[in-house]
Amino acid sequence: MLKAALGPLVDQEASSFLDMMAPDGVMEFPYAPPGGVTRVEGQEALAAYLSGFDNILTIERMTEPTVHRTDNPEVVILEFGCIGQGVKTGRPYNQRYISVITVRGGKIIRYVDYWNPLIALEAIGGLDALTAALGTGGRS
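Residues numbered from 1 in each chain as written. Predicted model: local features only at pLDDT ≥ 70, side-chain atom pairs only at ≥ 80, totals over all residues. Heavy atoms only, no water.

Let's shift gears to helix 4 (residues 117–124). Buried within helix 4 are the following residues: Pro117, Ala120, Leu121, Ala123 and Ile124. Down the axis of helix 4, the sector holding all buried residues measures 165°, keeping them to one side. One side-chain oxygen of the residue at the start of helix 4 lies 2.8 Å from the amide nitrogen of Leu118, identifying that residue as Asn116. (Buried < 20%, exposed > 50% of the residue type's maximum accessible area, 1.4 Å probe, protein only. Helix = DSSP H or I, 4+ residues; strand = E, 2+ residues; numbered from the N terminus. Arc of directions from axis to C-beta. Polar contact = N/O pair within 3.5 Å; in protein donor to acceptor, adjacent residues only side chain to side chain.)

Rendered as structure tokens:
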């Protein structure tokens, strides 16, 4: 979904989200719950952070994105959703996202992920479950 939405801005040979990220790329979560991670810097740190998601959420599908081009050709805003469930709870995880993505040289250098943490916390069983799965690992 992301490669199609970003089109020629991002390396179409990338086989995963991490492959689309620049080695020093940054991912930010402005609406992270209290004690949650708000910023992850670097592809390696992002790989470590994302590795915990399989233990807490199953994503069945992503919705078709609405793509908003901006005055800056390197910045794209996406609106999309996902349908899934909490792994341990079986509760629905039906999330809506707005993502502000900055791409340079075929790689994502900044990804700001606006999502509703209350939906995630309900699906996975609370903040303790989130912290146990993802922790902070020195990230802010």
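Further notes follow.
Grouped together as the largest cluster of nonpolar side chains are 32 residues, with contacts concentrated most on Leu2, Leu6, Phe29, Ile101 and Ile108. Among the elements of the structure, helix 1 (2–6), strand 1 (21–28), helix 3 (43–50), strand 5 (75–86), strand 6 (92–104), strand 7 (107–115) and helix 4 are those that each provide at least two residues to this core. (Core = buried A, V, L, I, M, F, W, Y, C linked by side-chain atoms within 4.5 Å.)

On the secondary structure map, Pro73 appears in the loop between strand 4 (66–69) and strand 5. Sequence spacing of Pro73 and Tyr31 is 42 residues, and the spatial spacing of their C-alpha atoms is 26 Å.

Any functional reading would require information beyond the geometric quantities listed.
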